[in-house]
Amino acid sequence: MTKKKERKKPQVRFKSLKGVQDILPSEIELWQHIEETSRKVFHSYGYKELRIPIIETTDIFIRSIGETTDIVEKEMYTFTDKGGRSITLRPEGTAPLVRAFIEHHLYNQSPPQKFYYSGPMFRYERPQAGRLRQFYQIGVEALGTEDPKLDAEVLSMLKLLLQRLDLKGLSFEINSIGCIVCRPDYRTSLKGFLKNKLHLFCGDCQKRYEINPMRVLDCKVHSCIDARGGVPRITEYLCDDCREHFESVKKHLNTLRIPYSINPDMVRGLDYYTKTTFEVTASSLGAQKAVAAGGRYDGLVEDFGGPSTPGIGFALGMERIVSLLKDGLRKIEPSPLFIASHGKEASEAALTLAEGLRSKGLVVEISYEDASLRSQLRKADNIGAKYVLILGEEELKKGKIILRDMETKKQKEIPIKEIDKFLSGSYE
Ligand code: HAM
């Protein structure tokens with residue numbers, strides 16, 4: 001007996017970078033399902049797509065996210081291009097979108113203007129489960145009104161999207177982090193609290209204390225988290241306008257029956273936020289549990305040189321949603337139909353039949369090599385086909401085809417002409 005030769009596994013010469021991943025065909029249907037569902041939900045609220053570039057001048061991120069944030073200080077992919085300009089791979093979408101909003105004078109159209117975007121973002125973070133260096137976001141931004149009804153509507157839209165995706169066990173947390181009117185008082189009080197404990201904080205936080213003390217609240221170093229116990233909370237320092245705004249947001253959320261909790265410690269890691277901030281978390285994800293996050297940024301458009309225009313938005317982390325949905329993958333993929341054939345003429349007829357069924361919207365696979373019926377059925381099983389159409393020379397002569405239910409293994413003969421009728425619905 002001749003021994004079957006073992007196929008040697010080729011050595012992998014090139015690998016993807018750390019924290020960067022390929023999205024393989026076995027997962028792509030899930031990605032497309034999330035993208036398609038998001039699009040449908042966003043459209044029903046009047047959001048339109050705006051495609052932002054992947055590279056931008058570095059300044060826009062420093063100006064908006066803030067010089068003393070982790071993202072700008074440690075995580076940006078910044079390089080000098082051949083023209084000597086400082087360029088950054090976008091770490092997020094809000095700043096580029098606001099830049100585009102001003103550059104194309106979109107503020108001249110009637111407010112609020114509602115946009116969505118999607119694509120890869122880049123942050124040089126320490127990779128771990130749910131934390132990548134290239135990750136995908138789907139985000140929305142609504143510009144042009146301060147009305148707290150919009151805050152509630154944005155959260156309601158996010159809730160509807162997560163529901164449509166059939167995600168369960170999520171928590172909505174909200175906070176208000178004030179505005180330029182109430183921040184100075186809070187800043188004074190915060191500095192007073194930190195002053196005598198400064199030696200307990202990391203070197204970065206000691207710098208932040210001088211330039212941007214609120215960023216100390218966002219530091220993830222364990223000793224800093226411990227030293228922050230009992231820190232004054234911004235919600236106790238809100239000015240009348242911010243307090244009223246926050247009260248109205250909560251009222252509207254109650255009207256819309258959106259369950260939430262208030263997390264006064266949530267300051268978010270980006271400097272542009274004002275008033276409402278929020279995060280949606282899934283505890284099953286472990287340390288990287290935020291699946292979506294966002295908030296208001298009422299000063300950002302003006303800060304970028306545009307007319308005073310309030311804004312609010314959020315971004316979903318695609319990989320985190322994909323990992324929550326992975327178990328449901330089979331449910332989402334439409335089950336393909338496999339056509340098995342034996343004999344030259346039958347295989348020719350199968351080719352035509354497959355084309356006809358595909359043109360009617362069915363997912364159809366055929367066998368390409370002259371394989372035995374057994375191995376064709378094995379292939380059908382591997383691709384998850386629920387039904388197989390079997391066409392042999394004999395059936396072809398009779399103008400019939402065998403329909404095999406892969407689950408029950410039951411077979412019946414049906415006229416080829418009537419396959420259409422038979423397959424409409426769920427092939428029952
Ligand atoms: P963010 O909180 O930095 O906000 O990111 C939003 C979401 O992106 C996070 O909740 C998480 O799901 C995902 N994400 C962030 N970093 C990573 C990473 N390294 N790996 C995997 N997923 C990640 C923003 O980016 C704001 N632009 C959101 C926004 C829009 N605010 C107003 N409008």
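All of these numbers come straight from a predicted model, not from anything done at the bench.

Draft legend 1. Region of interest: the layout of surface pockets. Empty space within the second largest pocket amounts to approximately 840 Å³. Sorting elements by how many residues they give to the lining of the second largest pocket places helix 6 (residues 183–195) first, with four residues. Taken together, the residues that form the lining of the second largest pocket break down as 14 nonpolar, seven polar and 11 charged.

Draft legend 2. How the structure looks around the site of the ligand. The environment of the ligand is made up of 27 residues, and the closest members are Glu92, Glu125, Glu141, Tyr273 and Ala290. Between Gln137 and the ligand, the recorded distance is 3.1 Å, taken from a side-chain N or O atom to an oxygen atom. One of the backbone N or O atoms of Phe314 is found 3.4 Å from a nitrogen atom in the ligand. Protein contact buries 96% of the 660 Å² of open area that the ligand shows by itself. Going through the elements one at a time, strand 6 (134–143), strand 10 (290–296) and strand 11 (311–317) are the ones with two or more residues in the shell around the ligand. Residues that form the shell around the ligand fall into these classes: 13 nonpolar, seven polar and seven charged.

Draft legend 3. Looking closely at the sheet that holds strand 3 (residues 77–80). Spatially, 2-4-3 is the arrangement adopted by the three strands of the open sheet, whose pairing is antiparallel. In the strand order of this sheet, the two ends are held by strand 2 (55–57) and strand 3, each with one partner. Direction aside, neighbouring strands of the sheet carry axes that sit 35° apart on average. Against the sheet, helix 2 (residues 58–65) contacts strand 2, strand 3 and strand 4 (86–89), and its axis sits at roughly 75° relative to strand 2.

Draft legend 4. Seen up close, helix 2. Among all positions of helix 2, only Thr58, Ile60, Phe61, Ser64 and Ile65 are buried. Viewed end-on, helix 2 has its buried residues packed into an arc of 165°, placing them on one side of the element. Of the exposed residues in helix 2, those oriented more than 90 degrees away from the buried face are Asp59 and Arg63. Of the surrounding elements, those touching the buried residues of helix 2 are strand 2, helix 3 (70–75), strand 3, strand 4, helix 4 (94–103) and helix 10 (300–303).

Draft legend 5. Geometry of the sheet that holds strand 11. Across the sheet, eight strands lie side by side as 1-5-6-11-10-9-7-8; this open sheet has mixed pairing. The outermost strands of the open sheet, each flanked by one partner alone, are strand 1 (48–49) and strand 8 (261–262). Sheet topology note: the strand 9 (residues 274–282)/strand 10 ladder contains six bridges and is antiparallel. Its bridge partner being in strand 10, Thr274 is matched across the sheet by Arg296.

Conventions used here
Per chain, the residues get numbers from 1 upward, laid out in the order the sequence is written. With pLDDT at 70 or above as the cut-off, local features in this predicted model cover only qualifying residues; side-chain atom pairs require 80 or more to be listed or tallied, and sums for whole chains, interfaces and linings still use all residues. Note that the side-chain values use all heavy atoms of the structure and ignore hydrogens as well as water. Points on a 1 Å grid over protein atoms alone make up a cavity when a 1.4 Å probe fits among them but cannot get out, and a pocket when they form an open set with protein on both sides within 12 Å along at least five of seven lines; lining residues each have an atom within 4 Å of a point. Grid points are joined across faces, edges and corners, and a volume is the space filled by probe spheres set on the points. Secondary structure elements follow DSSP: runs of H or I no shorter than four residues count as helices, runs of E no shorter than two count as strands, and numbering proceeds from the N terminus. Gly is placed with the polar residues, together with every amino acid not listed as nonpolar (Ala, Val, Leu, Ile, Met, Phe, Trp, Tyr, Cys and Pro) or charged (Asp, Glu, Lys and Arg). By convention in these notes, a residue is near a molecule or strand provided one of its non-hydrogen atoms lies within 4 Å of it. Here a polar contact is taken to be a pair of N or O atoms separated by no more than 3.5 Å, where protein atoms must pair a possible hydrogen donor with a possible acceptor and residues adjacent in sequence count only if both atoms sit in side chains. Using a 1.4 Å probe, the Shrake-Rupley method yields the accessible areas, and only the shown protein chains count as cover for residues. At least two bridges found by DSSP between two strands are what make those strands a pair. Lines fitted to the C-alpha atoms define the axes, with helices restricted to the stretch that makes contact. Angles between their N-to-C directions range from 0 to 180 degrees. Any pair of residues with heavy atoms lying within 4.5 Å of one another is described as a contacting pair. Burial classes follow relative accessibility: with a 1.4 Å probe on protein chains only, a residue under 20% of its type's maximum area counts as buried, one over 50% as exposed, and anything between as partly exposed. What the arc describes is the spread of directions from the helix axis to the C-beta atoms.

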